[in-house]
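Close look at the chain arrangement
If you want the building blocks of each chain, they are given just below.
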Amino acid sequence: MIHRLVKSIWGLFIALLLLLAALAYLTMTLTANRIVPLLMQQAIELRADASDGLFLQAEASVKRLRDVLLKRLDASDHDTTIARFNYLFARSPDGLWRLRPELVDAEHAPTLYLHQPPRGLTDSAKMRAVMSYDLLREQGPALDPPFYSVYMDFVEDGLMVYSRGHDWASSADADYTNTGYPTMQGSEPRNNPIRKVFWTPVYLDKQANTWMVSVIKPLDWQGQWVGTVGHDLSVQELIDSVIDKNRSNGTRLIMSAAGDLIAHPDLRKRIEAANGQLKVDATNDPVLAQVHQMLAHANGHSGASRTPDGSFWVAWAPIQGPGWFQVYLFPQARINTWLAIGLAAFIAVGILILLPAIWLLRRRVYHFVATPLKRLTEAVDTFGQGTTPQPIAMRHDDELGRLALAFNAMVSELGHQHALQNAHAQALQGEISERLTFMRRLEEESARLHSLLGAMKQSILFVNNENRVVYCNAAFLKMWDYTEPKDIIGSNAGEGLKRIIPLLVDPQSLLDIKERVAKTPTQIVHVEIHRLDGRIILHNSYPVNDAQGRLVGRLWAQEDVTHDRQVAQQLVRIAEHDALTGLYNRRKFEDELAKFFRSANPNYDQACLLFFDLDEFKFINDTHGHRCGDAVLSRVAAELRSLVPDDATLCRLGGDEFAVFMPDAAQKTAQHLAERLVSRIAQAPLQIDDKVLRMTTSLGIACYPAHANSADDLVSHADTAMYQAKRMGKNRWSIYRQDRDVSQETLTRITWNERINRALARGLFHLHYQGIYLASNGHLAHLEALIRMEDESTPGNVFLPGQFIPHAEKSGKILDIDRWVIRESIRTLALHPHLSAIAINVSGRSFDDPDLPAYIAKQLHDQHVSPKRLLVELTETSAISDIGDASRFIDALRKTGCTLCLDDFGTGFSSFAYLKHVKADVLKIDGMFIRDLPSDRDNQVFVRAIIDVARGMGKKTVAEFVEDGRTMLMLRDMGVDMLQGYHLDKPKAEHPALTSTNPISSF
């Protein structure tokens, strides 16, 4: 049996070897048919991608040059440009316009030759010559090979060209012309109506001795074709790249979509003779003809395939730009040779493996089959005779071994059957105990869940698949006025809703939701229910599924959100309304302007803005106090509210400034309202300290689109119109007039606003630091951050705050400057942990920004800086100009933990009286009392009084403008706490305290 089995295995091995050889050959053939074109396509795509970047870069460059040239032409000043043309160019004796000889620099700048038309050279041509000269001179130094040159053709028959080191204009004469150039013919509107970028054919540049190709972009200006912009690129390296000395790797070539050979390793001379583009038809090569047909059907995409006659594999990839293809040819005969070699190797290896395998198989058959069968047969005979055999010992884990194990198990099974039955009974009893325990735990979990649902504030109700209520918590009963759970549990959900329906504002909406849920029971529903008593119930309905995902009912979760909505509405009102007058605030005003201009169309939309303030309002504050000033503002606001129509937005912008924004209003409507406002304010009697006063107002009007096309311009022009009214005598209104808006004051303000915008955008603001020293020992107490603005036009020159801060306050940019100073100062504290503190100045306009204290707190938290290290200085005049806003701002700022300092103290009429309202920690005495302190006795008395009052109220004092030693000694004797001034320290960007960890002393 074993011998027959071995012979059968020999036959099977030989048949298997032949079958595997056939399958191997088929597999190798299929694999080659898949892998060869894939590898070829990847290789050729890599080559094409390497070339793509150059051509795409060239296309992008000419587009960019053309766009930049047009922008410069559109923005150029006619007279200045013509004057520069006369400076740069001169007409040569041969009649051509050229760059003046003394200005020729062929290495760093372009050259020009330009014919003189019969009617003379136009201003357009002169402007193009100047702008293209400057542009190519700037772009020229960036030319790197293979970029050979950059140029601009003129339709007036001329050329501005830059090619490093070549003076093309000097070699041009009167017979030179670009009229018949392919660049000009391809740019003519009738030949190129869509004005697209195009590439010229390949040509040999004899001077450079290299093959070139040009990319051209038509240039149209002022509705006319005026020339071209182009690049010359050397493609010699690309052409040379097809040469491969190892021809066993196939053939690489470059072919255009039109069937022109650009590069071929065997046809270089014929291609050169054909001026760089040899027609495939002229080669009489059937393979190249088939390749051309394949490229014609490729539609510009890459691919790989076999030629129709099957002799070659072809892979191609487009080169973006000139419309060429990288092509890779590989002969099928070479692949067939490789397959035959692989098949022969496979058969040889199979034969070498077969001989020892047959011998080894014979040995293993005897060991694993014959011997185990003999032992198994003997054991079966013993068992058949009624005798319990010995266990069959087999260590092999095969079929015979498992058969022996099964036989052994069958013998022992009878002895263990009874024991297994007992074990099964015990396991069953254990499972019953576990299930009883699980049931008890389930009941406990149910009790806890009912307790949790009963304690929830949200109302909970569960409806089963039969639409019956099976559970509700106490919150649900209370919300819908049910007495007991039995009133609803067990009833149909529809019947239970009958008691709820009369309580709703819109019962039909709830019924519609019920029907929708009945149709789609798996839908999640979120809806608001409004009750007749004003309460709002947020109703959420969710499908409930069991462990197998089957729908078992729905869960209702309802929450009374009435209070939350009321709080949200109140917060919105607080954010949009002025706390003193109840009118809209600046934020609401800016939001309304932004909302209007997002959709405004100047063709049919219109709007008017009224901008006004109270004349001489500061006199009321200084004479009668700010409480009286607040009363005046409230009374004026009441008068204004009765006049302004409902569709207009009346706002208090801050201080005594008001604005009325009237969307969809004509100028006559705005004038009528302005007349009424000015008249009403002038006629309204104001009772102040038993005296009747009458206020007046100056009002400015600006309209969209007549006066402005943006929100910023509309506000600026309305503000300008208000100041025009003030200059005309006040107590009147004025329409914005552009002819009155050319004063030096307004022009200066606009110029400064633009400078400030650029400084914020380009990082031209810097901080200088001045030390503030302890009067007792001269050690540094802290630094004060002082802002400076770099002069963009004069590097190294800086503007002091007095030059730009007033303009920033008027335009509102002071808020952005404040935040910049805060952010940079806190960053400095974070970078220098040894520094004790930095003082910063905050403008009065920031009192209207309720988010600023939170912004300061967030910056301190993010930078891990202690709030006590930041001193915030507020000027006394800004604090008392609106004591209500200032008090709210200071209270919010104190909560951040920062130290507050009242700057310029003593300048107000009631400085000491306001100390109890303005809760500052430090008083900085105004410099007007310090400058002449040794020689001015009145100042000495006043300064001593400030120091004594501050000490009595537990506040620190700082004396600024300390400019000599006598002043410093006198202030120390008076008991001032800290000193600041040029005698001690001058502001500087790199202050020693920022780099030294040792104590800094001034004396």
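Scroll up for the structure.
To start, this report covers the structure provided alongside it. (Residues numbered from 1 in each chain as written. Predicted model: local features only at pLDDT ≥ 70, side-chain atom pairs only at ≥ 80, totals over all residues. Heavy atoms only, no water.)

Our focus in this paragraph is unusual backbone geometry. Of note, the bond from Y704 into P705 is cis; its omega dihedral lies within 30 degrees of zero at 5°. Summarising the element assignment, P705 is placed in the loop between β26 (697–704) and α19 (711–727). One non-glycine residue with positive phi stands out, namely K730, at about 65°. Residue placement: K730 occurs in the loop between α19 and β27 (732–735). What makes K730 partly exposed here is its relative accessible area of 28%. Even without glycine at this site, N731 takes up a positive phi of about 50°. Looking at the secondary structure, you find N731 in the loop between α19 and β27. (Helix = DSSP H or I, 4+ residues; strand = E, 2+ residues; numbered from the N terminus. Buried < 20%, exposed > 50% of the residue type's maximum accessible area, 1.4 Å probe, protein only.)

Below, the discussion takes up the sheet that holds strand β22 (residues 649–654). Read from one edge to the other, the open sheet built from five strands follows the order β22-β23-β21-β26-β27, with strand pairing classed as mixed. Looking at the sheet topology across the chains shown, the edges are occupied by β22 and β27. Ignoring which end each strand starts from, the neighbouring axes of this sheet average 20° apart. (Pairing = 2+ DSSP bridges. Axes fitted to C-alpha atoms, helices over the stretch in contact; angles between N-to-C directions.)

Moving on, we come to the sheet that holds strand β19 (residues 536–545). The antiparallel open sheet is built from five strands, whose spatial order is β17-β16-β20-β19-β18. The sheet terminates laterally at β17 (469–472) and β18 (525–530), the two strands that pair on one side only. Going across the sheet, the axis of each strand differs from the next one's by a mean of 20°, ignoring polarity. Across six bridges, β18 lies against β19 in antiparallel orientation. When the sheet's bridge partners are listed, H526 is paired in β19 with N540.

With that settled, the discussion passes to the pairing of strand β11 (residues 260–263). Note on strand geometry: in a regular strand, side chains alternate between the two faces of the sheet. Where strand β10 (residues 251–256) meets β11, two bridges bridge the pair, whose relative direction is antiparallel. Looking at the pairing, I254 lines up with A263 of β11. Remark: three residues form the turn of the hairpin made by β10 and β11, two consecutive strands paired antiparallel; G259 in that turn has positive phi of roughly 95°. Across two bridges, the pairing between β11 and strand β12 (residues 278–279) is antiparallel.

Another aspect to go through is the packing of aromatic side chains. Within this structure, the stated rule accounts for 17 aromatic pairs. What links up through ring pairs into an aromatic cluster is the set F85, F89, W97 and Y133. Taking the ring centre of F330 as reference, the NZ or CZ of R334 above it sits at 5.5 Å. The ring of Y855 carries the charged tip of R819 above its face, separated from the ring centre by 4.5 Å. (Phe/Tyr/Trp six-rings, centres within 6.5 Å; stacked < 30°, edge-to-face > 60°. Lys NZ or Arg CZ within 6 Å of the ring centre and 35° of its normal.)

On to helix α23 (residues 852–863). Over its twelve residues, α23 extends 17 Å from the first C-alpha to the last, a length consistent with the 16 Å expected when each residue adds 1.5 Å. Restricting attention to buried positions, one finds in α23 the residues L852, P853, Y855, I856, Q859 and L860. With its buried residues spanning 160° around the axis, α23 presents them on a single face. The exposed set on the far side of α23, more than 90 degrees from its buried face, consists of A854 and H861. Backbone geometry just after α23 places H864 at a positive phi near 60°. (Expected span 1.5 Å × (residues − 1). Arc of directions from axis to C-beta.)

This next bit is on the pattern of salt bridges. It is possible for side chains bearing opposite charge to pair when their charged atoms get close. Within this structure, the stated rule accounts for 32 salt bridges. Across the salt bridge formed by R535 and D560, the nearest N and O atoms sit 3.6 Å from each other. Here R535, found in the loop between β18 and β19, pairs with D560, found in strand β20 (residues 551–560); they are 25 residues apart in sequence, far enough to count as distant. Judged by its relative accessible area of 25%, R535 falls in the partly exposed class. Salt bridges here are not isolated pairs; linked through shared partners, they connect E576, K588, E592 and K595. (Salt bridge = Lys/Arg side-chain N within 4 Å of Asp/Glu carboxyl O.)

Within strand β16 (residues 459–464), six of the six residues are buried, leaving the element largely enclosed by the surrounding structure. Every second residue of β16 is oriented toward a common face, with S459, L461 and V463 on one face and I460, F462 and N464 on the other, all of them buried. Examined bridge by bridge, β16 and β20 share six bridges and lie antiparallel to one another. Across the sheet, residue L461 finds its bridge partner in β20, namely W556. Of the strand pairs in this sheet, β16 and β17 are connected by three bridges, and their pairing is antiparallel. The residue bridging F462 from the neighbouring strand is Y471, located in β17. Linking two consecutive strands that pair antiparallel, namely β16 and β17, is a turn of four residues; a positive phi of about 65° is found at N467 within it.

This brings us to the nonpolar core. Residues F765, F804, L870, V872, V943, L971 and L979 are the most contacted members of the largest nonpolar core, which totals 67 residues. No other element matches the seven residues that helix α22 (residues 814–831) contributes to this core. Ranked by size, the runner-up nonpolar core spans 64 residues in total, among them F55, V62, M127 and I254. (Core = buried A, V, L, I, M, F, W, Y, C linked by side-chain atoms within 4.5 Å.)

So, about the environment of Q671. Turning to its location among the elements, Q671 is positioned in helix α18 (residues 667–683). Since its relative accessible area comes to 23%, Q671 is described here as partly exposed. Remark: the alpha-carbon pair of Q671 and W733, spanning 62 residues in sequence, is separated by 8.3 Å. If sequence neighbours within four positions are ignored, Q671 has contacts with I701, W733 and I735. (Contact = heavy atoms within 4.5 Å.)

Moving on: the packing of helix α15 (residues 586–599) against α19. Running from N to C, α15 and α19 point in directions that differ by 125°, and their axes come no closer than 10 Å. One element, α15, and the other, α19, form an angle in the oblique class. Across from F589, L593 and F597 in α15, the residues of α19 making contact are A711, L714 and V715. Looking at the contact of α15 with α19, its residues break down into six nonpolar, no polar and no charged. (Parallel < 35°, antiparallel > 145°, perpendicular 65-115°, else oblique. Nonpolar A, V, L, I, M, F, W, Y, C, P; charged D, E, K, R; others polar.)

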